[in-house]
Structure formats: C-alpha cells, structure tokens
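Geometric and topological summary
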Amino acid sequence: MNIRKIFTLMVCWVSVLSGMASITWTEVEPGIWKGIVGTPEDYNLLSVAGCKPSEQGFTRLPQVALPSLASQITADIRDGKTNISIPLVKNEQLYGFGLNFQTVHQRGKILNLHVDHYGGKDTGRTHAPVPFYISSDGYGVFVNSARYITVYAGSGARKDSPNAPVAKDRNTDKTWSSRPYSDAVTMVVPAPGAEIYLIGGPTPMDVVRRYNLLCGGGTLPPRWGLGFTQRTQKLYDAAKVEKEADEFERMGYPLDFIGLEPGWQSKAYPCTFEWDNGRFSDPAAFVKRMLDKNVRINLWTNPYVSPASGIYEAMYPLSGSHTVWCGIVPDLAMPEARRLWKDKLEKEHVSLGVSGYKIDEVDGYDFYLWPDAAVFPSGVSAEQMRQTYGLWVQKTTDDIFRKNNTRTYGLVRASNAGANSMPYVLYNDYYSHKDFITALINSGFCGVLWTPEVRSSKSAEDWLRRFQSVVFSPMAMINAWSSGTKPWSFPEVADQVKEYALLRMQMMPYWYSEFARYHFDGIPPFRAMNLEPGFSLDSAVRAELQNSNLDDNPYLEAVTKEIKDQYMAGKYLLVAPMFEGETSRKVILPKGDWYDFYTGDFVGNGSTIEVTPGLDKIPVFVKDGAIIPMMEARLHAPAPGEKVDLEIRHYGKADGNYRLYDDDGVSFDYEKGDYSWRDIKVERQKNGALKGSISRPEKGKPDTVGKVTWKFMTKNS
Ligand code: GAL
C-alpha cells in the first residue's frame, strides 16, 4: 500500500469520528470534477458570470485521472456554515486565492475572501478574491460560492491527524516554529452548502488552463486594446482631449484609446451617465472627430445613479436599500435594472461610437459601499452582491458591445471567478511598483488581468521604470486623472519612454497571438514563474531537491524560494522589472538556454544571473528557439483587414515554431470560426544555417500578413 492509500484509510476513519463526510465527485469537464456538499446556493459566481466552458480547449490538454487526494477531501455543515478540508502534504506549495499584491506563496495564510479595495496587506480583501487555488502538486480547488469565504491555507493541525507535525521543545530545538506544519487547507463557507471543483493537472499550468477554460477561456481584446492608452486629467473638455490626442500624434507617441475621467458627465459620484453640455457640447461630433484621428474613447464611470440622472426614477424601485454617495445602487441581479442601465449607456455613448468603459468603485471601501445589512429587491443578499457586483458591471456592459458585434476592452476595479472571458483589466489606487508586479503575477493564477498603471513619479527614473513595466502588461496605460502627466512629462527620459511605447506597438502580433492562446487554450499571457516547467515544487523538482546539494545547484535553491518580481510574458519572454534606486538585480532563469531580448546574446541556463541593464532597458530574456513576430512601429493598431509587414525574430540555436493568430481584430466573428493560425517555423538547413518559413493563409480565412522578413537575433546561431 502506498502512503497516499494509507493516508486515505486513516482520513476516512478520522472523518467518521469527526462527522466530516467525504464527497462524491462527478467529472463535469475533462479533468474537472464537481462535488456537492449540503445545499449549495443557486446564486453563485459562475451563474452570475454566465460563462460557458470552452469545450474545444479541453481537447488540447492531456488526459488526467481524478487526483488521488479526492477521497481525502471532507466536508460538514455546522452552525449554518460549510467547512471543507483538503489535505496537504509536506513541502507542497499553494498559489492563487485571488489578486494578492505581496505574496505568491500562499501556504500558511489565513484569508477572508472579500471584494474590497486593496488595503496594503494580503488579507483576502482585494479586488478579485477568487476562491481558487493551485497546488504545486498539480491539482487545484475552486469553491463556487459568492460568500465571504474564510481560508486557512495550511494553518492549524488536527490532534488526530495521521499527518500531524511533531511536537518540538522550544528550549532546545532551533527548528521549533510558532506555526508548525499544517496538514490541510480549511475553507469555511458561510452557507448551508457549497459546490466544489477539483481540477486536475498534471502540471500547475494545466490546472490553470482547465480553470480558465471552465470559465469560458480568456478574453481576446480587440487589436487596438493592446496599443497604448492615456487617461486624461479630470474635468478636461472636448478641446483639451482633442489637443492631447494631436500632441501624441505630432510628437510621435502611439495612442489607440483615450480615457475620459470625471468631468465628461454632468454630475459624478454619483453619476448621471449624461454628457456635460458645457465641456462636451456635441458629444457625437466629438467622438467622431476622435475616431477620425484613430483614437477611441473610453469613459470612466461608477454605476451609482445620481438623482439628477434621467434613469433615476425608473431605477429607484430596482435599487438596493442603501445609497453610495447618495446615489442609488442598481440591483444588477434584476434583468430590468440591467436593461435600464444598458439602454442608457447604449443611447448616450455606445451609439455615438464610444468604445469602452472604466467602471470604478465597485470594490469598496466599506465606508463607501452598502453595509452587509442592505437589502436588494432581487432577494440577493448584500454580501453576495458585494462579491459579484464587479462581475455584473462587466457582464452588463460587455453585453452592449456583443449585441453590436464589436469588441471592447476596458477597466474595472472589482471582479471574481468567472470573469475570465470578460474584456476587462483590473487596476486600483495603490501605487507600489513592486507590489504591482506581484499582482500581475498573481492575476495569472486567478483568471483576471491586471495593469501596473503609471500615474506620476517623483523622479524621471521611477517614471521610466514604471513605464517599462506597463509596456509588458495587459494594458499599456498612463492614468493621468489626477497628475495630468503625459508620456513626455520627464524630458530626461522622454525618448526612452517613446522607444518603449513604440516597442509595445511593434510587438502587437506577439501580444495578439498570446491573447488568442489565452482565449483558445486558457494559457495566461502574464504569469508566474511557478507555472513554467520545472519551476514549481512539483514532484519531479522535489525528487531532484532531495538528491542534490543546494550549494552546488543554485537553480534548485531558487525554485524553493518565492519569486515575485519576475514573470513570464507570453510563450517565450521572461520579464524582470527594475525598480527605482536599483542598478542591478538577480534574475532566475529556468532550465534551458536563455538569450537577451535586445541583443540575442546568450545569458544563462538554469542559473541565477546578476544584470546591470542601465536605465534605458528593462531586462527581458528569451527562450532558446523563440520566435517573436513583430510589426513596424506604428502610432495606431492596424485597421481590420489591413495587411501588415512582419519582422519575425528568432533567438538562440534551436529550431523554433510559433502559431501566429489572425482575425479581423474588432468583431466577434472569430467565435464563429472566422480566424486563422499561421505556422511559423525556423529550421536548421543542411548547410547549418537557420531558415524561416510561414504557412500559407487558409483559403477564405482572415489574412493580414504582408511582407515577411526574418531576423536571426543570436549571432553565429
Ligand atoms: C478613482 C480611480 C482612479 C480615478 C479616480 C477619478 O477611484 O481609482 O483611477 O479614476 O477615481 O476620480
């Protein structure tokens, strides 16, 4: 009998003693099993998000058996709450539990998953407190409940546990710990039942992919969404916005969409959703003029309805008992409330050509939002409404654009499980560059996107460092709502900022294909090193660890440490941001040969390197055999159907392959099959030279590839 089996028998016995029952698992999607405890509530995260699993995507994942720990997961209902216990083994690491800002390793944490504005500590109160975690052992657990769930992520140990830590004498034993090893994750769901999903791997990356596909696959932004965006200062009028867009063009900085912050509406906090006649006397003409400049308009708003809004009276009976800044709170769980809000936004903005929204203030703080005692006419509790309000605003606005067969890409300050396919990026008011990178890493574990937005800086150095990071993120943005900054605000580094803004545009074919992988295959475009092969504490790495001397193998030592300041961007790139005051940093390279993104030079293999890039560069490294398709540096994304010349870069010595994604870039026709993948290959010829090829376009499918040139970045490759 193996250890897991003995453990299972003992757990069953313990369960009988404690009243905890094991769970019956039913496979609902390939490699995903559902277990029901008690009577789960009908109102849950997935039902609100309304996502449909991406069946096609699952066919490209390996088959996997029910994780062996399934029989050891137990649950009971006491005191009106559902308690779930999932066993842990020694050395297992946990990732996820939503959008954390300071930590990637979650084992040992106690969290209360609660939608809120991030308050500076990883407590579970965050913008996307997704109740999903991934084990380094290659399985994941998702609890589909819209309640404030308390998580003991490996904290506490049962006196009768077969796998309990041993007592140590603090007087004499240096290894004594105030937090001894814990044998389980415990989750307390304040409801008389819960729906649990047990997600198989075999690798942590496969777990994340399955979770993303369960939630409909990742969002595929319009091409223009991956360009550059500037949010103008509050109280700007039409003339100022237009002047700013003209300045971008004149100075040669790219700009695909501009965000209007408070001031475009007649009243804000709470909002009317109606244009301010003074600042925008002819909104339709303004939006059109901007579109003629190739710059789309995104509108800031919060959903709280001002007494001065034309929809106030009709919304009144469809709103919650409490107000936010004296505005009523639409009960978006009611179809009539959604329709009313949607019609208003459509009539006032989308029908004029507005391309998207930034939906603010749907997260917290408690001081602003409704108390947990508030009542909503739909009967949904205030707690559930808090956990899902971000999902509702995303879904409601997404529906407007879907109906018009036009993609959008915007911002939202709260989200939760199930929002994976919604075209929104999270942001907040916190401003630690380092923690923004950790949030970017964690976003990849929980099916949301995050932007380390740039607002203002005390120094040119900080400005450039932040800018370099945001260029390697889901939304390249300056949010100047308060500061009024522009990309060129620090003249000392204005050229370097321009270079990186243009690099973002050059890399659009890569970014777009990587988002297609997110959509079709569930692979997060921005993600932790822990999702890279051999970089997680999985069984293979653990076996290697046991047999090696860490001093001799610094790579393995690095793997056991928390890595929260470097990340993967797409299939091939490793990004290691620099922070203000730093002139050098350590970068941990996974196994395999790695090359410098800018020069193509070899930098290391499975090692920790020290880099001193200078202020001009953010360190970026590329895997051997990588293929990065790039286009010319433009100021705006290509128009639908426009042919674009490509420069295809190859790095290293190995043969390479890449799949370039193509569609019209703006509509949902890709959901009906109107897209294509082009196979790019670089192969070594008999004469020893590398040669690139790209497959022909499929007949009748989108084809925007113009002239192709090849660039072999690594000399003597
Ligand atoms: C904040 C938001 C900022 C900005 C500001 C405008 O709540 O996080 O990004 O939009 O409101 O008042």
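Residues numbered from 1 in each chain as written. Predicted model: local features only at pLDDT ≥ 70, side-chain atom pairs only at ≥ 80, totals over all residues. Heavy atoms only, no water.

1. Some points on the overall build of the protein
- Looking only at helices and strands, the protein features 15 helices and 36 strands.
- In summary, the protein has a C-alpha radius of gyration of 26 Å against a globular reference of 27 Å for 717 residues, a match within 12%.
- If one aligns the C-alpha atoms of the protein with their principal axes, the spans along those axes are about 75 × 75 × 55 Å.
- Every one of the 717 residues in the protein was classed for burial, and the buried ones make up 61%.
- Of the roughly 26,500 Å² that the protein leaves accessible, carbon and sulfur atoms contribute 51%.
- One way to put it: in the protein the 81 positive side-chain charges average out to a point 2 Å from where the 84 negative ones average out. (Helix = DSSP H or I, 4+ residues; strand = E, 2+ residues; numbered from the N terminus. Rg over C-alpha atoms; globule rule 2.2 N^0.38 Å. Buried < 20%, exposed > 50% of the residue type's maximum accessible area, 1.4 Å probe, protein only. Areas by Shrake-Rupley, 256 points an atom, 1.4 Å probe, with all protein chains shown as cover. Lys, Arg positive; Asp, Glu negative; His and termini not counted. Charge placed at Lys NZ, Arg CZ, Asp CG, Glu CD.)

2. Section: the sheet that holds strand S1 (residues 21–22)
- Within the open sheet, the 7 strands sit side by side as S1-S4-S5-S12-S11-S7-S8. Their pairing is mixed. Because the sheet does not close on itself, it has two edges, and the strands there are S1 and strand S8 (125–126).
- Bridging between strand S5 (residues 81–87) and strand S12 (residues 184–189) involves 6 bridges; their strand directions are antiparallel. Pairing of Ile86 across the sheet is with Val185, part of S12.
- Helix H9 (residues 382–403) rests against strand S7 (109–115) and S8 of the sheet, and its axis sits at about 80° to S7. (Pairing = 2+ DSSP bridges. Contact = heavy atoms within 4.5 Å. Axes fitted to C-alpha atoms, helices over the stretch in contact; angles between N-to-C directions.)

3. So, the site of the ligand
- Taken together, Glu261, Pro262, Tyr269, Trp300, Lys358, Asp360, Glu361, Arg413, Tyr427, Asp429, Asn479 and Trp481 are the residues near the ligand.
- The contact in question runs from an oxygen atom of the ligand to an N or O atom on the side chain of Arg413, over 2.7 Å.
- Side-chain polar atom of Asn479 to an oxygen atom of the ligand: 3.0 Å apart, as the coordinates give it.
- Against a free-state accessible area of 310 Å², the protein chains account for coverage of 95% of the ligand. (Near = heavy atom within 4 Å. Polar contact = N/O pair within 3.5 Å; in protein donor to acceptor, adjacent residues only side chain to side chain.)

4. Comments concerning the packing of helix H12 (residues 494–506) against helix H13 (residues 508–521)
- Their axes nearest at 5 Å, the elements H12 and H13 cross at an angle of 55°. Judged by the inter-axis angle, H12 sits oblique to H13. Between H12 and H13, the residues in contact are Arg504, Met505 and Gln506 and Met508, Pro509 and Trp511, respectively.
- A breakdown of the residues in the contact of H12 with H13 according to their chemical character gives 4 nonpolar, 1 polar and 1 charged. (Parallel < 35°, antiparallel > 145°, perpendicular 65-115°, else oblique. Nonpolar A, V, L, I, M, F, W, Y, C, P; charged D, E, K, R; others polar.)

5. Some remarks on H13
- Compared with the 20 Å implied by 1.5 Å per residue over 14 residues, the 19 Å span of H13 between its first and last C-alpha is a close match.
- Counting buried residues in H13 gives 14 out of 14 residues, a clear majority hidden from the surface.
- The positive-phi residue at the C-terminal boundary of H13 is Gly522, with phi of around 75°. (Expected span 1.5 Å × (residues − 1).)

6. Quick notes on the sheet that holds strand S21 (residues 424–426)
- Reading across from one edge, S21-S20-S19-S16-S15-S14-S22 is the order of the 7 strands in this open sheet, with parallel pairing throughout. If you trace the sheet from one side to the other, it starts and ends with S21 and strand S22 (476–479), each paired once. When the angles between neighbouring strand axes are averaged without regard to direction, this sheet yields 25°.
- Where strand S14 (residues 228–231) and strand S15 (residues 257–260) come together, 3 bridges link them in parallel fashion. Note on S15: the bridge partner recorded for Thr229 is Phe257.
- Its contacts with the sheet place H9 against strand S19 (356–359), strand S20 (410–412) and S21, and it is angled at close to 170° to S19.

7. Looking at the nonpolar core
- Membership of the largest hydrophobic core comes to 178 residues, with the highest contact counts inside it found for Phe142, Leu260, Trp370, Phe472 and Leu573.
- Apart from residues no more than four positions distant in its own chain, Trp370 is found in contact with Tyr304, His322, Val324, Val329, Phe376, Ala382, Met385, Arg386 and Tyr389.
- One finds Ile23, Val37, Leu111 and Tyr133 within the second-largest nonpolar core, a separate group that totals 29 residues. (Core = buried A, V, L, I, M, F, W, Y, C linked by side-chain atoms within 4.5 Å.)

8. A few points about the pattern of salt bridges
- This structure, assessed with the given rule, holds 48 salt bridges.
- The partner of Asp521 in a salt bridge is Arg60, and the shortest N-O contact between them spans 2.6 Å. Placement of the pair is Asp521 in helix H13 and Arg60 in the loop between helix H3 (55–58) and strand S4 (74–78), with a sequence separation of 461 residues.
- Classification of Asp521 by relative accessible area gives buried; the value is 11%.
- Its relative accessible area of 39% is what places Arg60 among the partly exposed residues.
- Here Lys586 ties to Glu610 by a salt bridge, and the two come within 3.6 Å at their closest N and O atoms. Highlighted residues: Lys586 in strand S26 (residues 585–588) and Glu610 in strand S29 (residues 608–611), separated in sequence by 24 residues.
- Looking at Glu610, the relative accessible area reads 48%, which means it is partly exposed. (Salt bridge = Lys/Arg side-chain N within 4 Å of Asp/Glu carboxyl O.)

9. Things to note about the packing of aromatic side chains
- Summed over all chains, the structure comprises 50 aromatic pairs.
- Arranged with centres 5.2 Å apart and planes meeting at 70°, the rings of Trp370 and Tyr389 form a pair that is edge-to-face. Placement of Trp370 in the loop between S19 and H9 and of Tyr389 in helix H9 is noted, with a sequence separation of 19 residues between them.
- The class for Trp370 is buried, based on a relative accessible area of 2%. (Phe/Tyr/Trp six-rings, centres within 6.5 Å; stacked < 30°, edge-to-face > 60°.)

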